[in-house]
Amino acid sequence: MTEVRTRFAPSPTGFQHLGGFRTAFFAYLFAKKHGGKFLLRIEDTDRERLVPGSIRFIIEELGWLGISIDEGPSRAELKEIGEDWNDAPNLGGECGPYIQSLRLPRYKEVADLLIEKGFAYRCDCTAEMLERERAEQMARRELPGYSGYCRTRNVPADKPHVVRFKMPTKRALSFVDAIRGRVNWDTIPLRDTVLLKSSGFPMYHLAVVVDDHDMRISHVFRGIEWLSTAPIHLLLYEALGWEPPVFAHMPLVNGTDGKKLSKRTGALNARQVREMGYLPETVLNFVSLIGWAPGEGSNQEIFTRDELVKAFSLEGINPASGVFDITKMEWMNGMYIRNLSVGEFIERCQPYLAQAAVSVPADQFAALAPHVQERVKTMIEVAPMVDFLTDKPLNRELNLMFNKGIDGPKAREIVTRSVAAIEALPEFTVDAIDQALRGVATELGLKPGPAFGVLRVAVTGKTVTPPLFESFAVLGKDKVLSRLRETLDLIPQ
Ligand code: GLU
């Protein structure tokens, strides 16, 4: 095989959901497996659909996911199209520019070459003419599309025009897709399509072929939605005398209801899942298992990036649509969180604590971190578990204390006796607190669960925290006592 070069070629027309990043990741894995290169190309030729912020989003989220790019837009290229943010990367490479709007002269050059060779022609039909033609085709129940009226008109180059590709209609075509096997067309159901617009901007079909060729792309991973227009690309390669790359048309990602991903079924993008507290390694492991499996005899589900690189193969991709199941991703995230070293966990918590504006003394957080790590499935669950360590006034929902035979007077009694038992402790250690508070429950003839439930709400304001005695020990005797006393003023007599 010649050098493997794959690319991710997003259009900055919105914030790609995880399905898009899966395509990028598969292209990356394939390149890495074969010691090749992974490129990023920005396909920004559809000027009406550009969404501000989406280029930065793509670059930042690829970075967060750790999908490293070997070649892509340089800082100067980004700047030239107004993408001039702090920390914008300077990728670059020998096949630049990697942003299509900076490559217009090259598309014009190839369009001219196609005209010269007789594979394309200039067309000056007006929008009204095309509209009329379309209406007539519909009335005749014909394949809609341009009739080819200008094919022989020789429209002069100095008149406003588009460039169209001469699509052969009576021609069979066939190619081997790396995922779906052989794909055949008996006749090509496509009419003379526009390659270059009158504005000088190319259509996708021309730009993608020129760039994949110029950037020496060996394997094209792209969405299944492009399969139906693949004949245009194959014919363009043929007309230009270029060797086409291997195509791998990626299956769709559906929701658990079997339908296209929607908000409800988790059409989430990488930034959203980051903000929801997923670790990048979970996201990569998880999306790689949507529609891909390591092959016969392996049930492995948890893969490091290196293991994925080793195990990945095109044969393992299932041509049928894959399913995105967020509950499973949550489960997997919990596993990844528990597998982190405590030190790493503490470090990874910092942006999430900052995001929730929860600032906990580092030593206190470190003391509770191993317990928190055991209990969370996503990183955003961390802050609410430890925010009782801050000095923010507690907002106790007292009714959470009252269950299993605990009423107001009983709760007061538990708190009063606990204050006395804690005051008497010479040492405020986990064991000492444990003994003292169990003693209080026994004296009152209560099961520990409901009694401790009262104390938990009294001191932390919540029902879910790290283990009680550890939490108390970390918070410190004075604060525990003052919060218990505070509660006495709140519980109704
Ligand atoms: N710009 C196209 C898209 O975002 C890319 C298709 C391709 O990878 O060739 O859908």
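Residues numbered from 1 in each chain as written. Predicted model: local features only at pLDDT ≥ 70, side-chain atom pairs only at ≥ 80, totals over all residues. Heavy atoms only, no water.

A. Local environment of the overall build of the protein. Scanning the protein from terminus to terminus reveals 19 helices and 11 strands. Against the globule reference of 23 Å for 493 residues, the protein gives a C-alpha radius of gyration of 31 Å, more extended than a compact globule. Dimensions of the protein, computed from the C-alpha atoms along their principal axes, are close to 100 × 50 × 45 Å. Evaluated residue by residue, the protein yields a buried proportion of 50% over its 493 residues. Contacts in the protein between residues at least 24 apart in sequence constitute 76% of all its contacts with a sequence separation of at least 6. Taken as a whole, the protein presents about 23,200 Å² of accessible surface, with 51% of it coming from carbon and sulfur. (Helix = DSSP H or I, 4+ residues; strand = E, 2+ residues; numbered from the N terminus. Rg over C-alpha atoms; globule rule 2.2 N^0.38 Å. Buried < 20%, exposed > 50% of the residue type's maximum accessible area, 1.4 Å probe, protein only. Contact = heavy atoms within 4.5 Å. Areas by Shrake-Rupley, 256 points an atom, 1.4 Å probe, with all protein chains shown as cover.)

B. Expanded view of the sheet that holds strand S4 (residues 162-165). Strands sit in the order S3-S4-S7 across an open sheet of 3 strands; the sheet is antiparallel. At either margin of the open sheet sits one strand with a lone partner, and together these are strand S3 (120-123) and strand S7 (194-196). Ignoring which end each strand starts from, the neighbouring axes of this sheet average 45° apart. Bridge analysis of S3 against S4 gives 4 bridges, and the strand direction is antiparallel. Bridge pairing in S4 links Ala120 to Phe165. (Pairing = 2+ DSSP bridges. Axes fitted to C-alpha atoms, helices over the stretch in contact; angles between N-to-C directions.)

C. Up close: the site of the ligand. Taken together, the neighbourhood of the ligand is formed by Arg7, Ala9, Pro10, Ser11, Glu43, Tyr204, Val208, Arg222 and Trp226. Residue Ala9 places a main-chain N or O atom 2.9 Å away from a nitrogen atom belonging to the ligand. In this structure, Glu43 approaches the ligand through a side-chain N or O atom, which is 2.6 Å from a nitrogen atom. Contact with the protein chains removes 84% of the 300 Å² of surface that the ligand exposes when unbound. Looking at the shell around the ligand residue by residue, the classes come out as 5 nonpolar, 1 polar and 3 charged. (Near = heavy atom within 4 Å. Polar contact = N/O pair within 3.5 Å; in protein donor to acceptor, adjacent residues only side chain to side chain. Nonpolar A, V, L, I, M, F, W, Y, C, P; charged D, E, K, R; others polar.)

D. Spatial organisation of the pattern of salt bridges. Scanning the entire structure with this criterion turns up 37 salt bridges. Across the salt bridge formed by Glu3 and Arg5, the nearest N and O atoms sit 4.0 Å from each other. A salt bridge links Asp387 to Lys462; the shortest N-O distance between them is 3.1 Å. Here Lys462 lies in the loop between helix H17 (448-460) and helix H18 (468-475) and Asp387 lies in the loop between helix H14 (382-386) and helix H15 (408-423), a separation of 75 residues in the sequence. Residue Asp387 is classed as partly exposed on the basis of its relative accessible area of 21%. Judged by relative accessible area, which is 22%, Lys462 ranks as partly exposed. A cluster of three or more residues bridged by salt bridges with shared partners is formed by Arg7, Arg41, Glu43, Arg103, Arg106, Glu109, Asp211, Asp212 and Asp214. (Salt bridge = Lys/Arg side-chain N within 4 Å of Asp/Glu carboxyl O.)

E. Structural detail: the pairing of strand S6 (residues 181-185). Pairing between strand S5 (residues 173-177) and S6: 5 bridges, direction antiparallel. In the sheet register, Leu173 faces S6, and the bridge partner there is Trp185. Hairpin remark: S5 followed by S6, antiparallel, with 3 residues in the connecting loop.

F. Spotlight on the state of the cysteines. Evaluation of the coordinates by the stated rule reveals 0 disulfides. Not engaged in a disulfide, the cysteine Cys125 finds its nearest cysteine sulfur in Cys150; these two sulfurs lie 3.6 Å apart. Overall, Cys150 belongs to the buried group, its relative accessible area being 0%. (Disulfide = S-S within 2.5 Å.)

G. Focus on the side chain of Gln137. On the secondary structure map, Gln137 appears in helix H5 (residues 127-139). Every residue in contact with Gln137, bar those within four places of it in the chain, is listed here: Glu142, Leu143, Pro144, Gly145, Ser147 and Arg191.

H. View of the layout of surface pockets. Taken as a whole, the largest pocket encloses approximately 1,100 Å³ of empty space. Lining the largest pocket are 36 residues, and of these Ser11, Gln16, Gly223, Glu225 and Trp226 sit closest to its centre. Broken down by secondary-structure element, the contributors of at least two residues to the lining of the largest pocket are strand S1 (5-8), helix H1 (18-33) and strand S8 (219-223). Ranked by residues supplied to the lining of the largest pocket, first place goes to H1 with 4 residues. Looking at the lining of the largest pocket residue by residue, the classes come out as 16 nonpolar, 11 polar and 9 charged. In this structure, the second largest pocket occupies an estimated 260 Å³ of space. A breakdown of the residues in the lining of the second largest pocket according to their chemical character gives 5 nonpolar, 3 polar and 5 charged. (1 Å grid on protein atoms, 1.4 Å probe; cavity = no way out; pocket = protein on both sides within 12 Å on 5 of 7 lines; lining within 4 Å. Points joined across faces, edges and corners; volume = space filled by probe spheres on them.)

I. Representation of H17 within the structure. With 13 residues, H17 ought to run about 18 Å at 1.5 Å a step, and its terminal C-alpha atoms sit 17 Å apart, in line with that. Counted residue by residue, H17 has 10 buried out of 13 residues, so it is predominantly covered. All of the buried residues in H17 are Pro450, Ala451, Phe452, Val454, Leu455, Arg456, Val457, Ala458, Val459 and Thr460. Elements in contact with the buried residues of H17: H15, helix H16 (430-443), H18 and helix H19 (477-490). Of the residues flanking the end of H17, it is Gly461, one or two places downstream, whose phi is positive at about 85°. (Expected span 1.5 Å × (residues − 1).)

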